[in-house]
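Commentary on secondary and tertiary structure
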Amino acid sequence: MNVVLSADEAYARYGAVVMASIIDNAADPGQIRFFMLTPDMGEETRHRLHAFVEAGGAELDIIDVDVQALKGLKVGRFGTAALLRLLMHRYLPDDCERVIYLDCDVLVRSDLSDLWALSLHGLSAAAAMDICNTSISATRKNPDDYFNSGVMLIDLAAWRSRHVGERALAYLEQNGDNARYPDQDALNHVLEGDCYQLPLSWNFQPTAYRAVKKHYPHLHKHLAALETAVLNPRIVHFIGAVKPWHPTCVHPFQEDFIAYSSHTPWPIDRKALMSSLPWSERMRMVLKQPKVRRRRRLTAS
(Lines give C-alpha, C1' and ligand atoms only; values in the text may rest on other atoms or scores of the structure.)
Protein backbone atom coordinates (compact mmCIF):
# COMPACT_ATOMS: atom_id res chain seq x y z
CA MET A 1 0.00 0.00 0.00
CA ASN A 2 1.61 3.23 -1.20
CA VAL A 3 0.90 6.38 0.83
CA VAL A 4 2.17 9.75 -0.42
CA LEU A 5 2.60 12.95 1.59
CA SER A 6 4.23 16.30 0.78
CA ALA A 7 6.14 18.30 3.38
CA ASP A 8 8.90 20.83 3.72
CA GLU A 9 11.16 21.07 6.77
CA ALA A 10 8.51 22.87 8.83
CA TYR A 11 5.68 20.44 8.06
CA ALA A 12 7.68 17.19 8.34
CA ARG A 13 6.76 16.86 12.02
CA TYR A 14 3.06 17.04 11.20
CA GLY A 15 3.44 14.52 8.40
CA ALA A 16 5.01 12.30 11.05
CA VAL A 17 1.79 12.49 13.09
CA VAL A 18 -0.20 11.41 10.02
CA MET A 19 2.13 8.45 9.52
CA ALA A 20 1.94 7.53 13.21
CA SER A 21 -1.86 7.41 13.04
CA ILE A 22 -1.72 5.23 9.91
CA ILE A 23 0.73 2.77 11.45
CA ASP A 24 -1.26 2.54 14.69
CA ASN A 25 -4.49 1.71 12.85
CA ALA A 26 -2.97 -0.68 10.32
CA ALA A 27 -3.62 -4.41 10.57
CA ASP A 28 -0.17 -4.97 9.05
CA PRO A 29 2.21 -1.96 9.07
CA GLY A 30 4.69 -4.04 7.08
CA GLN A 31 2.46 -3.61 4.02
CA ILE A 32 2.75 0.20 4.13
CA ARG A 33 5.24 2.07 1.97
CA PHE A 34 5.37 5.81 2.65
CA PHE A 35 6.69 8.36 0.17
CA MET A 36 7.33 11.89 1.38
CA LEU A 37 7.88 14.46 -1.36
CA THR A 38 9.86 17.47 -0.22
CA PRO A 39 11.28 20.69 -1.67
CA ASP A 40 13.76 20.89 1.20
CA MET A 41 14.45 18.88 4.34
CA GLY A 42 17.44 18.73 6.68
CA GLU A 43 19.45 15.58 7.26
CA GLU A 44 18.55 15.38 10.96
CA THR A 45 14.83 15.54 10.15
CA ARG A 46 15.24 12.84 7.50
CA HIS A 47 17.07 10.60 9.94
CA ARG A 48 14.40 11.02 12.62
CA LEU A 49 11.59 10.29 10.18
CA HIS A 50 13.25 7.14 8.88
CA ALA A 51 14.00 5.85 12.38
CA PHE A 52 10.48 6.40 13.69
CA VAL A 53 8.70 4.93 10.64
CA GLU A 54 10.96 1.89 10.47
CA ALA A 55 10.52 1.31 14.21
CA GLY A 56 6.79 1.12 13.49
CA GLY A 57 7.34 -1.62 10.93
CA ALA A 58 6.67 0.43 7.78
CA GLU A 59 8.90 1.76 4.98
CA LEU A 60 9.70 5.36 4.10
CA ASP A 61 11.26 6.93 1.03
CA ILE A 62 11.92 10.69 1.22
CA ILE A 63 12.10 12.14 -2.28
CA ASP A 64 13.62 15.49 -3.19
CA VAL A 65 11.54 17.33 -5.78
CA ASP A 66 12.94 19.90 -8.16
CA VAL A 67 10.49 22.78 -7.81
CA GLN A 68 11.69 24.68 -10.87
CA ALA A 69 8.53 23.53 -12.68
CA LEU A 70 6.52 25.39 -10.02
CA LYS A 71 8.35 28.69 -10.22
CA GLY A 72 6.08 31.62 -10.85
CA LEU A 73 2.88 29.78 -9.93
CA LYS A 74 0.58 31.43 -7.41
CA VAL A 75 0.37 29.37 -4.22
CA GLY A 76 -1.16 31.89 -1.78
CA ARG A 77 -0.93 30.87 1.88
CA PHE A 78 -0.44 27.20 1.03
CA GLY A 79 3.23 27.20 0.07
CA THR A 80 5.12 25.36 -2.66
CA ALA A 81 4.86 21.98 -0.89
CA ALA A 82 1.11 21.98 -1.53
CA LEU A 83 1.76 21.70 -5.28
CA LEU A 84 4.17 18.79 -5.11
CA ARG A 85 1.38 16.26 -5.61
CA LEU A 86 1.08 17.58 -9.17
CA LEU A 87 4.62 16.31 -9.82
CA MET A 88 4.48 12.99 -7.97
CA HIS A 89 4.13 10.89 -11.14
CA ARG A 90 7.61 12.07 -12.17
CA TYR A 91 9.26 10.89 -8.95
CA LEU A 92 7.43 7.80 -7.71
CA PRO A 93 8.81 4.44 -8.88
CA ASP A 94 7.25 2.66 -11.85
CA ASP A 95 5.80 -0.09 -9.63
CA CYS A 96 3.53 2.52 -7.98
CA GLU A 97 0.35 2.00 -9.96
CA ARG A 98 -2.00 3.12 -7.18
CA VAL A 99 -1.40 5.54 -4.30
CA ILE A 100 -3.24 7.17 -1.43
CA TYR A 101 -2.37 10.85 -1.19
CA LEU A 102 -2.82 12.61 2.18
CA ASP A 103 -2.27 16.17 3.34
CA CYS A 104 -0.20 16.67 6.49
CA ASP A 105 -3.15 18.11 8.41
CA VAL A 106 -5.15 14.90 8.61
CA LEU A 107 -5.50 12.19 11.24
CA VAL A 108 -6.25 8.59 10.26
CA ARG A 109 -8.63 6.70 12.54
CA SER A 110 -9.14 3.52 10.49
CA ASP A 111 -7.17 0.87 8.63
CA LEU A 112 -6.36 2.43 5.25
CA SER A 113 -6.57 -0.96 3.57
CA ASP A 114 -10.35 -0.38 3.31
CA LEU A 115 -9.72 2.78 1.30
CA TRP A 116 -6.96 1.10 -0.69
CA ALA A 117 -9.32 -1.67 -1.79
CA LEU A 118 -12.02 0.61 -3.21
CA SER A 119 -12.72 0.44 -6.93
CA LEU A 120 -12.05 3.56 -8.99
CA HIS A 121 -14.42 2.38 -11.72
CA GLY A 122 -11.90 3.19 -14.45
CA LEU A 123 -11.42 6.78 -13.27
CA SER A 124 -8.11 8.47 -12.48
CA ALA A 125 -8.86 9.29 -8.85
CA ALA A 126 -11.35 9.27 -6.01
CA ALA A 127 -11.93 12.07 -3.52
CA ALA A 128 -14.66 13.28 -1.17
CA MET A 129 -16.86 16.28 -1.83
CA ASP A 130 -15.59 19.54 -0.39
CA ILE A 131 -18.04 20.39 2.41
CA CYS A 132 -18.34 24.15 2.21
CA ASN A 133 -20.74 26.68 3.66
CA THR A 134 -23.59 28.25 1.71
CA SER A 135 -21.67 31.36 0.67
CA ILE A 136 -18.83 29.38 -0.91
CA SER A 137 -21.15 26.87 -2.58
CA ALA A 138 -22.91 29.72 -4.36
CA THR A 139 -19.67 30.56 -6.19
CA ARG A 140 -19.20 27.03 -7.59
CA LYS A 141 -20.80 25.77 -10.77
CA ASN A 142 -21.41 22.26 -9.43
CA PRO A 143 -20.68 22.28 -5.67
CA ASP A 144 -21.67 18.60 -5.31
CA ASP A 145 -18.95 17.64 -7.79
CA TYR A 146 -16.21 19.88 -6.35
CA PHE A 147 -13.90 17.65 -4.31
CA ASN A 148 -11.38 18.26 -1.56
CA SER A 149 -7.90 17.17 -2.66
CA GLY A 150 -6.50 16.55 0.84
CA VAL A 151 -7.40 12.85 0.68
CA MET A 152 -7.19 11.10 -2.68
CA LEU A 153 -7.04 7.54 -3.95
CA ILE A 154 -5.22 7.69 -7.28
CA ASP A 155 -4.73 5.33 -10.20
CA LEU A 156 -1.22 6.55 -10.92
CA ALA A 157 -1.02 4.70 -14.22
CA ALA A 158 -4.10 6.58 -15.45
CA TRP A 159 -2.78 9.81 -13.87
CA ARG A 160 0.36 9.44 -15.95
CA SER A 161 -1.26 8.38 -19.22
CA ARG A 162 -3.89 11.13 -19.00
CA HIS A 163 -1.25 13.74 -18.11
CA VAL A 164 -3.17 14.92 -15.06
CA GLY A 165 -0.21 16.65 -13.45
CA GLU A 166 0.89 18.51 -16.57
CA ARG A 167 -2.65 19.63 -17.35
CA ALA A 168 -3.11 20.87 -13.78
CA LEU A 169 0.11 22.88 -13.98
CA ALA A 170 -0.99 24.36 -17.30
CA TYR A 171 -4.29 25.36 -15.71
CA LEU A 172 -2.48 27.15 -12.88
CA GLU A 173 -0.21 28.98 -15.30
CA GLN A 174 -3.27 30.41 -17.02
CA ASN A 175 -5.66 30.77 -14.08
CA GLY A 176 -3.51 30.91 -10.97
CA ASP A 177 -4.44 34.51 -10.17
CA ASN A 178 -8.09 33.49 -9.80
CA ALA A 179 -7.56 30.20 -7.96
CA ARG A 180 -8.67 30.35 -4.33
CA TYR A 181 -7.24 26.88 -3.63
CA PRO A 182 -4.52 26.50 -6.28
CA ASP A 183 -3.83 22.77 -6.53
CA GLN A 184 -7.37 21.83 -5.58
CA ASP A 185 -8.97 24.14 -8.14
CA ALA A 186 -6.59 22.86 -10.81
CA LEU A 187 -7.30 19.20 -10.05
CA ASN A 188 -11.05 19.81 -9.99
CA HIS A 189 -10.81 21.37 -13.43
CA VAL A 190 -8.62 18.64 -14.91
CA LEU A 191 -10.43 15.70 -13.26
CA GLU A 192 -13.95 16.86 -14.06
CA GLY A 193 -15.82 13.66 -14.95
CA ASP A 194 -12.75 11.59 -14.07
CA CYS A 195 -12.99 11.46 -10.26
CA TYR A 196 -15.06 9.00 -8.23
CA GLN A 197 -16.73 10.41 -5.12
CA LEU A 198 -15.52 8.96 -1.83
CA PRO A 199 -17.78 8.67 1.23
CA LEU A 200 -17.47 11.77 3.40
CA SER A 201 -16.12 9.73 6.31
CA TRP A 202 -12.85 9.31 4.39
CA ASN A 203 -12.30 13.08 4.48
CA PHE A 204 -14.15 14.34 7.53
CA GLN A 205 -14.25 18.12 7.40
CA PRO A 206 -15.24 20.34 10.36
CA THR A 207 -18.03 22.04 8.41
CA ALA A 208 -19.91 18.75 8.72
CA TYR A 209 -20.83 19.61 12.32
CA ARG A 210 -22.53 22.84 11.29
CA ALA A 211 -24.08 21.29 8.20
CA VAL A 212 -25.79 18.59 10.30
CA LYS A 213 -26.95 21.04 12.97
CA LYS A 214 -28.10 23.84 10.66
CA HIS A 215 -29.29 21.68 7.74
CA TYR A 216 -27.59 23.71 5.04
CA PRO A 217 -30.00 23.70 2.06
CA HIS A 218 -27.30 22.93 -0.50
CA LEU A 219 -26.25 19.85 1.51
CA HIS A 220 -29.72 18.58 2.40
CA LYS A 221 -29.51 15.52 0.14
CA HIS A 222 -26.17 14.62 1.76
CA LEU A 223 -27.49 14.81 5.32
CA ALA A 224 -27.44 11.04 5.93
CA ALA A 225 -23.86 10.79 4.64
CA LEU A 226 -22.84 13.73 6.84
CA GLU A 227 -24.40 12.14 9.91
CA THR A 228 -22.56 8.90 9.17
CA ALA A 229 -19.29 10.82 8.83
CA VAL A 230 -19.82 12.59 12.16
CA LEU A 231 -20.53 9.26 13.84
CA ASN A 232 -17.51 7.50 12.35
CA PRO A 233 -14.90 9.78 10.76
CA ARG A 234 -12.26 7.49 9.28
CA ILE A 235 -9.89 10.30 8.27
CA VAL A 236 -10.20 13.63 10.07
CA HIS A 237 -9.11 16.65 8.03
CA PHE A 238 -8.19 19.80 9.96
CA ILE A 239 -9.22 22.21 7.22
CA GLY A 240 -8.63 25.91 7.75
CA ALA A 241 -5.87 28.24 8.86
CA VAL A 242 -5.96 27.09 12.51
CA LYS A 243 -4.35 23.66 12.87
CA PRO A 244 -4.20 21.24 15.83
CA TRP A 245 -0.67 22.42 16.65
CA HIS A 246 -1.93 25.99 17.10
CA PRO A 247 -2.92 27.15 20.60
CA THR A 248 -6.26 28.57 19.43
CA CYS A 249 -7.44 25.31 17.84
CA VAL A 250 -10.86 24.16 19.08
CA HIS A 251 -11.28 21.15 16.80
CA PRO A 252 -12.86 18.17 18.64
CA PHE A 253 -10.04 15.89 17.47
CA GLN A 254 -7.15 18.17 18.43
CA GLU A 255 -6.37 16.07 21.49
CA ASP A 256 -6.16 12.96 19.32
CA PHE A 257 -3.67 14.66 17.00
CA ILE A 258 -1.59 15.78 19.98
CA ALA A 259 -1.71 12.25 21.44
CA TYR A 260 -0.35 10.76 18.21
CA SER A 261 2.40 13.38 18.12
CA SER A 262 3.82 11.70 21.25
CA HIS A 263 4.58 8.68 19.03
CA THR A 264 6.84 10.83 16.85
CA PRO A 265 10.19 12.56 17.47
CA TRP A 266 8.27 15.85 17.83
CA PRO A 267 5.66 15.56 20.61
CA ILE A 268 3.34 18.54 21.01
CA ASP A 269 3.07 19.95 24.53
CA ARG A 270 -0.55 21.00 25.08
CA LYS A 271 0.28 22.98 28.23
CA ALA A 272 3.04 24.86 26.43
CA LEU A 273 0.59 25.75 23.65
CA MET A 274 -1.87 27.21 26.12
CA SER A 275 0.81 29.06 28.09
CA SER A 276 1.80 30.91 24.91
CA LEU A 277 -1.57 32.70 24.95
CA PRO A 278 -2.44 35.81 26.99
CA TRP A 279 -4.82 35.18 29.91
CA SER A 280 -7.79 36.73 28.12
CA GLU A 281 -7.33 34.33 25.20
CA ARG A 282 -6.92 31.37 27.55
CA MET A 283 -10.24 32.20 29.19
CA ARG A 284 -11.90 32.44 25.80
CA MET A 285 -10.56 29.00 24.94
CA VAL A 286 -11.83 27.55 28.23
CA LEU A 287 -15.32 28.87 27.52
CA LYS A 288 -15.30 27.06 24.16
CA GLN A 289 -14.49 23.66 25.65
CA PRO A 290 -18.09 22.54 26.40
CA LYS A 291 -18.95 22.92 22.70
CA VAL A 292 -15.78 21.06 21.74
CA ARG A 293 -16.64 18.19 24.09
CA ARG A 294 -20.24 18.02 22.84
CA ARG A 295 -19.02 17.66 19.27
CA ARG A 296 -16.45 15.04 20.23
CA ARG A 297 -19.13 12.95 21.93
CA LEU A 298 -21.06 12.76 18.65
CA THR A 299 -18.43 10.29 17.42
CA ALA A 300 -19.11 6.67 18.34
CA SER A 301 -15.64 5.97 19.69
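A few points on the structure. Sequence positions are assigned chain by chain, starting from 1 and proceeding in written order. For this predicted model, a pLDDT threshold of at least 70 governs which residues receive local features, and a threshold of 80 or more governs which side-chain atom pairs are given and counted, while totals over whole chains, interfaces and linings are taken from all residues. To get the side-chain values, all heavy atoms of the structure are used, and hydrogens and water are removed first.

**Brief notes about helix α7 (residues 164-175)**
Helix and strand assignments follow DSSP, with helices taken as H or I runs no shorter than four residues and strands as E runs no shorter than two, numbered in order from the N terminus. The span expected for a helix works out to 1.5 Å for each residue beyond the first. Here α7 spans 16 Å end to end across 12 residues, near enough to the 16 Å set by a 1.5 Å rise per residue. For each residue, the accessible area found with a 1.4 Å probe, counting protein chains only, is set against the maximum for its type, and the residue is called buried under 20%, exposed over 50%, and partly exposed in between. Those residues of α7 that fall on the buried side of the exposure criterion are Val164, Gly165, Ala168, Leu169, Tyr171 and Leu172. When α7 is viewed along its axis, its buried side chains cluster within an angular range of 155° and face the same direction. Of the residues in α7, the exposed ones pointing more than 90 degrees away from the buried face are Glu173 and Gln174. At its buried positions, α7 is contacted by α3 (88-91), α6 (156-161) and α8 (182-190). In this description, one arc is meant: the one made by directions from the helix axis to the C-beta atoms. Note on definitions: a residue-residue contact is assigned when non-hydrogen atoms from the two residues lie within 4.5 Å.

**Considerations on a positive patch on the surface**
The grouping of Arg210, Lys213, Lys214, Lys288, Lys291, Arg293, Arg294 and Arg297 at the surface amounts to a positive patch. Listing elements by their share of the positive patch, those giving two or more residues are α9 (207-214) and α13 (279-297). Among the elements that take part in the positive patch, α13 stands out by supplying five residues, more than any other. By secondary structure assignment, the location of Lys214 is in helix α9. Think of a patch as exposed residues, more than 30% relative accessible area, with no salt bridge, where like charges cluster within 9 Å and nonpolar side chains (Val, Leu, Ile, Met, Phe, Trp, Tyr) cluster within 5 Å. Here the Shrake-Rupley method, with its probe set to 1.4 Å, supplies the accessible areas, and only the displayed protein chains count as covering residues. Just to be clear on terms, a salt bridge is a Lys or Arg side-chain nitrogen sitting within 4 Å of an Asp or Glu carboxyl oxygen. Counted charges follow a simple rule, with Lys and Arg positive, Asp and Glu negative, and His plus the chain ends left uncounted. One atom stands in for each charge, and that atom is NZ of Lys, CZ of Arg, CG of Asp or CD of Glu.

**Points about the environment of Val286**
With respect to the helices, strands and loops of the structure, Val286 is situated in helix α13. Distance in space between the C-alpha atoms of Val286 and Val250 is 9.8 Å, their sequence separation being 36 residues.

**As for the nonpolar core**
Nonpolar cores are built from buried Ala, Val, Leu, Ile, Met, Phe, Trp, Tyr and Cys residues. Side-chain atoms within 4.5 Å join them into one set. Membership of the largest hydrophobic core comes to 62 residues, with the highest contact counts inside it found for Phe34, Leu49, Leu102 and Leu112. If sequence neighbours within four positions are ignored, Phe34 has contacts with Val3, Leu5, Met19, Ile22, Ile23, Val53, Ala58, Glu59, Leu60 and Asp61. Counting residues in hydrophobic clusters, the runner-up holds 34 residues, among them Leu70, Leu84, Tyr101 and Val164.

**Let's talk about the environment of Ala179**
With respect to the helices, strands and loops of the structure, Ala179 is situated in the loop between α7 and α8. Sequence separation between Ala179 and Leu231 is 52 residues, and the spatial gap between their C-alpha atoms is 33 Å. If we ignore the near neighbours within four places in the chain, the residues touching Ala179 are Leu172 and Asp185.

**Looking at the state of the cysteines**
Any two cysteine sulfur atoms within 2.5 Å of one another count as a disulfide. Tallying each qualifying case throughout the model produces zero disulfides. Cys96 takes part in no disulfide bond, and the closest cysteine sulfur, belonging to Cys104, lies 17 Å away. Here Cys249 is not disulfide-linked; the sulfur of Cys104 is the nearest cysteine sulfur, at 16 Å.

**So, the pairing of strand β3 (residues 59-64)**
A regular strand places its side chains so that they alternate between the two faces of the sheet. Pairing between strands is defined by DSSP: at least two bridges between the two strands are required. Sheet analysis places strand β2 (residues 33-38) next to β3, joined by six bridges and oriented parallel. By the bridge assignment, Phe35 is partnered in β3 with Asp61.

**Considering the packing of helix α1 (residues 12-25) against helix α2 (residues 43-55)**
Any two packed helices are characterised by the angle at which their axes cross and by the distance between the axes. It is the contact of α1 with α2, at a shortest axis distance of 11 Å, that shows an interaxial angle of 5°. Classified by the angle between their axes, α1 and α2 sit roughly parallel to one another. Note on element contacts: α2 touches α1 through Thr45, Leu49, Phe52 and Val53, opposite Ala12, Ala16, Met19, Ala20 and Ile23. Only the stretch in contact is used when a helix axis is fitted, and all axes are lines through C-alpha atoms; the angle between N-to-C directions ranges over 0 to 180 degrees. Each angle gets one of four labels, with under 35 degrees taken as roughly parallel, over 145 as roughly antiparallel, 65 to 115 as roughly perpendicular, and the rest as oblique.

**Considering the pairing of strand β6 (residues 125-129)**
The buried count for β6 comes to five of five residues, which makes it a mostly enclosed element. Sheet topology places β6 next to strand β7 (residues 147-155); four bridges connect them, and they run antiparallel. Each bridged residue has a counterpart across the sheet, and for Ala125 the counterpart in β7 is Ile154. In the sheet, β6 pairs with strand β8 (residues 195-198) via four bridges, with the strands oriented parallel. Bridge pairing in β8 places Ala127 opposite Gln197.

**So, the sheet that holds β7**
Through backbone hydrogen bonds, the strands of a sheet pair up, either in parallel or in antiparallel fashion. Reading across from one edge, β3-β2-β1-β4-β7-β6-β8 is the order of the seven strands in this open sheet, with mixed pairing throughout. If you trace the sheet from one side to the other, it starts and ends with β3 and β8, each paired once. The average undirected angle you get between the axes of adjacent strands in this sheet is 25°. For strand β1 (residues 2-6) and strand β4 (residues 98-102), the ladder comprises two bridges, and the chain directions are parallel. Within β4, the position partnered with Val4 by the bridge is Tyr101.

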